Every structure is written in structure tokens, then in C-alpha cells.
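Single-letter residue listing:
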Amino acid sequence: MKSIVVLVSGNGTNLQAIIDACESTITNGKVTAVFSNKVEAYALERAKIAGAAGVFLDPKAFDTRDAFDHELMRQMDEFKPDLIILAGYMRILSGEFVRHYLGRMINIHPSLLPKYPGLNTYQRAIHAGDEEHGTSVHFVTEQLDGGPVILQAKVPIFDEDTVETLTERVQNQEHRIYPMVAKWFVDDRLEMREGKAFLDGEQLGMHGYATE
């Protein structure tokens, strides 16, 4: 059984999708621990309900980001993680942290990468007049939102859309594709080699796996 450790700063709906999948489709993995930099994050309660460790680590207790990340790594490694999932973790990771888990850490970003890295992606897509938006699961590298894309989901943008309505539509897709990618990884179908994502031994393209 593969150990999955999740980092999250907020409510944790993607975390819940992973937890639920571990009770059904993800038969080779289990969420063993959830770490948060926010003491009020409901994700910690979700962890406890699921029987996983819920750990709050206070950034204010550390002088530097590197010191915080070093302690986070130390505590995470106690759970011997095979896969680290970022599920709305709102901290920039240090280079040492990323290198320590390189090839074992994935993130989900609310845009069709490489379009719109960073913040406020929904607002940026609406203001640009885009006809579609979406979400991308990717391996984490030292380049922010720049690791190789594994899988994307697209949604239409309607004329009447607000940030809230578009967010809801995209998050519905996130809850579908994030557990799918986690399953690929724990089933040893997915890996990162030389900065590229591979599924079943085949290199994925810029936008990840596509059935077309």
C-alpha cells in the first residue's frame, strides 16, 4: 500500500476527492497524513475523519522559509510518502523541498497550462475573453507551475460567467481528474524522467495525456 501525503491550506475539497477515491478506485494507495500551514484549515478535520494524521505546522514559528520547509520535510518523511499531493497549498516551496521530492510530487493548477501560471487565473481568463478555461495536473519542479503537465480538463466560459461560477465548474473537473492521476502514479503507470511526464512508458505532450 503506497503512502500518500497531502499538503493543503484551505477547505480541502480536492483532498476529499482523493480520500474518497482511496476507498474505491485507488486500491494501492492510502492518505496517511495531511499537513497544513493554516490551523483553521478544514482539511485537517477531513484528515482526522478519514483516519489520517492531520498536522498543522506554523510558519510563524520559523525564521525562514527554508527552515519551515526543512521541518516539514522531516515530519513528512516519517510517513514514508510515495506520493505527495499539493491540494491548494498556498506557499511557495523552497528549491531544497522540491528537489527532495522531485518526481514524487504533483499539483493541480486552475488553468490550461502553460497558459496563466500564478494567481487569479479565473479572472484573467474571463477578462481576456477566452472561450474556455480549465485545470491542469502536473509534476512539481522548481519552476512555479512549470512542471510537465500530466492531464488537463477543459470547461467552456459563458458570457454570463463570474469568477464564482467558473470556479465551480472547473473544481468539479478537478475532483474527477486529480484522483485519476493519483491512481496512475500509485499503480506505477506514471513517472517523470528527465523533466518529462511518461504514462505507460509513453512521453506525454505539452498538454499531458489526450485521447484525441
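Parameters at a glance
- Residues numbered from 1 in each chain as written.
- Predicted model: local features only at pLDDT ≥ 70, side-chain atom pairs only at ≥ 80, totals over all residues.
- Heavy atoms only, no water.
- Helix = DSSP H or I, 4+ residues; strand = E, 2+ residues; numbered from the N terminus.
- Rg over C-alpha atoms; globule rule 2.2 N^0.38 Å.
- Buried < 20%, exposed > 50% of the residue type's maximum accessible area, 1.4 Å probe, protein only.
- Contact = heavy atoms within 4.5 Å.
- Areas by Shrake-Rupley, 256 points an atom, 1.4 Å probe, with all protein chains shown as cover.
- Lys, Arg positive; Asp, Glu negative; His and termini not counted.
- Charge placed at Lys NZ, Arg CZ, Asp CG, Glu CD.
- Core = buried A, V, L, I, M, F, W, Y, C linked by side-chain atoms within 4.5 Å.
- Phe/Tyr/Trp six-rings, centres within 6.5 Å; stacked < 30°, edge-to-face > 60°.
- Pairing = 2+ DSSP bridges.
- 1 Å grid on protein atoms, 1.4 Å probe; cavity = no way out; pocket = protein on both sides within 12 Å on 5 of 7 lines; lining within 4 Å.
- Points joined across faces, edges and corners; volume = space filled by probe spheres on them.
- Nonpolar A, V, L, I, M, F, W, Y, C, P; charged D, E, K, R; others polar.
- Right-handed = clockwise from strand over helix to strand, strands pointing away.

Undergrad: I'd like to hear about the overall build of the chain, residue by residue, with values.
TA: The number of helices and strands found in the chain is 6 helices and 10 strands. For a compact globule of 212 residues, the expected C-alpha radius of gyration is about 17 Å, and the chain comes in at 17 Å, within 12% of that figure. For the chain, the C-alpha atoms occupy an extent of roughly 45 × 40 × 35 Å along the three principal directions. Evaluated residue by residue, the chain yields a buried proportion of 49% over its 212 residues. Across the chain, every contact between residues at least 6 apart in sequence was considered, and the portion connecting residues at least 24 apart equals 63%. Accessible surface, the chain: about 10700 Å² in total, of which carbon and sulfur atoms supply 49%. Within the chain, the 31 negative side-chain charges are centred at a point lying 3 Å from the centre of the 21 positive side-chain charges.

Undergrad: So what's going on with the nonpolar core? Residues and values would help.
TA: Looking at soluble globular proteins, one finds that nonpolar side chains tend to be buried together. Among the nonpolar cores identified, the biggest contains 37 residues, and V31, I85, I106 and I150 are the most heavily contacted of them. The element contributing the most residues to this core is helix α6 (residues 163-186), with 7 residues. Non-local contacts of I150, meaning those with residues more than four positions away in its chain, are made with I106, V137, H138, F139, V181, W184, L190, A197, L204, G208 and Y209. Ranked by size, the runner-up nonpolar core spans 19 residues in total, among them V5, F68, I84 and V140.

Undergrad: Residues and numbers for the packing of aromatic side chains, please.
TA: In the structure shown here, the tally under the stated rule is 4 aromatic pairs. Aromatic pair F62 and F68: ring centres 5.6 Å apart, planes at 90°, arrangement edge-to-face. For F62, a relative accessible area of 23% corresponds to the partly exposed category. The buried category is assigned to F68, whose relative accessible area is 1%. Ring centres of W184 and Y209 lie 5.6 Å apart, and the angle between their planes is 75°; on these two criteria the pair is classed as edge-to-face. Here W184 is found in helix α6, whereas its partner Y209 is found in the segment after β10 (202-203), with 25 residues between them in sequence.

Undergrad: Account for the sheet that holds strand β9 (residues 196-199), with residues named and values stated.
TA: Sheet architecture is open: 3 strands sit in the order β8-β9-β10, paired in antiparallel fashion. Each edge of the open sheet is held by one strand with a lone partner, namely β8 (190-193) and β10.

Undergrad: Give a detailed account of the layout of surface pockets, specifying residues and quantitative values.
TA: Estimates place the volume of the largest pocket at around 940 Å³. Forming the walls of the largest pocket are 38 residues, and the residues nearest its centre are G88, Y89, M90, N107 and I108. Among the secondary structure elements, those contributing two or more residues to the lining of the largest pocket are α1 (13-22), α4 (95-100), β5 (105-109), α5 (121-127) and α6. Classifying every residue of the lining of the largest pocket by side-chain character gives 16 nonpolar, 18 polar and 4 charged.

Undergrad: How would you summarise α1 if you had to cite specific residues and measurements?
TA: Where burial is concerned, most of α1 is hidden: 7 out of the 10 residues are buried. Among all positions of α1, only N14, L15, A17, I18, I19, A21 and C22 are buried. Taken together, the buried residues of α1 touch β1 (2-7), β2 (29-36), α2 (42-49), β4 (83-86), β5 and α6.

Undergrad: Please set out the pairing of β4 residue by residue, giving values where relevant.
TA: Of the two faces of β4, the one lined by L83 and I85 and the one lined by I84 and L86 are each fully buried. Note that β1 and β4 share 4 bridges and pair parallel. The residue bridging L7 from the neighbouring strand is L86, located in β4. Pairing geometry for β4 and β5, over 3 bridges, is parallel. Looking at β5, one finds that L86 is bridged to N107. Once you follow β4 into α4 and on to β5, the crossover reads as right-handed.

Undergrad: Go over the pairing of strand β7 (residues 149-156) with me, naming the residues and quoting the values.
TA: Buried residues dominate β7, accounting for 6 of its 8 residues. Where strand β6 (residues 132-139) and β7 come together, 7 bridges link them in antiparallel fashion. For E132, the partnering residue across the bridge sits in β7 and is P156.

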